[in-house]
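The chain contents come next:
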Amino acid sequence: MGTWFSARVWAAPEADPCTAAEKAIRAVGATERRLSTWREDTELAKINAAPTGTPIPVSPPLCQELRQALFWARKSAGAFDPAVGALIRAYDLRGTGRWPSPRELATALEAVGYHKLRLANCQLVKTVPDLLLDEGAFGKGAALDAALAALGDGVKAAELDLGGQVRFFGGQELAVDPVHPDHRQEVVATWLVPPGSVATSGNSERRRNVRGQRLGHILDPRTGKPARDFGSVAVWAPTGLVADCLSTALYVLGPGEGSRFLAGFPEAAAVFLVREGKNLRLLALGPRGTLIPKAPYVDVDSQPWPGKGQKEEP
């Protein structure tokens, strides 16, 4: 998936933490062989190469992962969308980057959209030509969930990190350090969160200049344009896949629309880091976690949910 993985495991005396960590590593490898679009021999890459309109059998693990991804695509009205590969190709985000022409962008958008997929009985149908699935906004979370499930009996606690997204259990809470969206070595707060997963979305590490303009790697699938670079957002959710999907959706939606969207999901929480001129405002959302800002980042808005919301499972 074009990134790195690390595992810290605490086990009971009768268990071997090294064996558990090796199981987690193998689970990440199996997920990569299923989901990665950085190589051509994976299940997802073969789906991308399959013809339009033909039912494609999907393995049970991938079927469940796609079912969850499509659920969050629907709930976010396409702010997160796993069927965004045509746009990634148009902007050459796996390469040096480019600005597509208006015609190229319009053509790419015709092949983008979760609603152009049909998934039933673990068979997938692509209803338009050139539609490409991309795991970039849900694959790390899926791999972390698989790694955690693979640890086995005797493991008392674990912290798994895949490309900066963490998945953990054991203990009461974990201290996560949100960093400045423009200065990655500068910690701006400590966020104490319960066991689950934390994913962060922002453009600071993978933003590049193309023809004198900044091109971010997070695209808005609804418009085909790069999402507005307001700063960054960190999301806590009970599972890695949900945290991964939501972090992308909230970044695309931005602090205002994102706050209203997340209010409907009381099982999740988020921290927006928003640039305001030379200042940085921290916006904490949700009933989970405690945000402790570090000086001079003391301008914190804390917004609990206006109501309990409706919990809906994929």
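In case you missed it, the structure is sitting above this.
Residues numbered from 1 in each chain as written. Predicted model: local features only at pLDDT ≥ 70, side-chain atom pairs only at ≥ 80, totals over all residues. Heavy atoms only, no water.

**Side note on the overall build of the protein chain**
Part 1 of the argument: When you go through the protein chain residue by residue, the secondary structure sums to seven helices and 16 strands.
Part 2 of the argument: The globule rule puts the C-alpha radius of gyration for 314 residues at 20 Å, and the 19 Å found for the protein chain is close to it.
Part 3 of the argument: Along the first, second and third principal axes, the C-alpha set of the protein chain runs to 55 × 50 × 40 Å.
Part 4 of the argument: Out of the 314 residues in the protein chain, the part that is buried amounts to 52%.
Part 5 of the argument: Restricting the contact set of the protein chain to residue pairs at least 6 apart, pairs at least 24 apart contribute 62%. (Helix = DSSP H or I, 4+ residues; strand = E, 2+ residues; numbered from the N terminus. Rg over C-alpha atoms; globule rule 2.2 N^0.38 Å. Buried < 20%, exposed > 50% of the residue type's maximum accessible area, 1.4 Å probe, protein only. Contact = heavy atoms within 4.5 Å.)

**Remarks on the state of the cysteines**
Part 1 of the argument: Within the structure shown, the criterion is met by one disulfide.
Part 2 of the argument: Across the disulfide, Cys63 is cross-linked to Cys122 (sulfur-sulfur distance 2.4 Å). Handedness of the Cys63-Cys122 disulfide follows from its S-S torsion of about -95°: it is left-handed. Placement of the pair is Cys63 in helix α3 (residues 60-75) and Cys122 in the loop between β3 (117-120) and β4 (123-126), with a sequence separation of 59 residues.
Part 3 of the argument: Residue class for Cys63 comes out buried when judged on its relative accessible area of 1%.
Part 4 of the argument: On the basis of relative accessibility, which here comes to 24%, the residue Cys122 falls in the partly exposed class.
Part 5 of the argument: Cysteine Cys245 is unpaired, with the sulfur of Cys63 as its nearest cysteine sulfur at 15 Å.
Part 6 of the argument: Judged by its relative accessible area of 1%, Cys245 is buried. (Disulfide = S-S within 2.5 Å.)

By themselves these figures say nothing about function.
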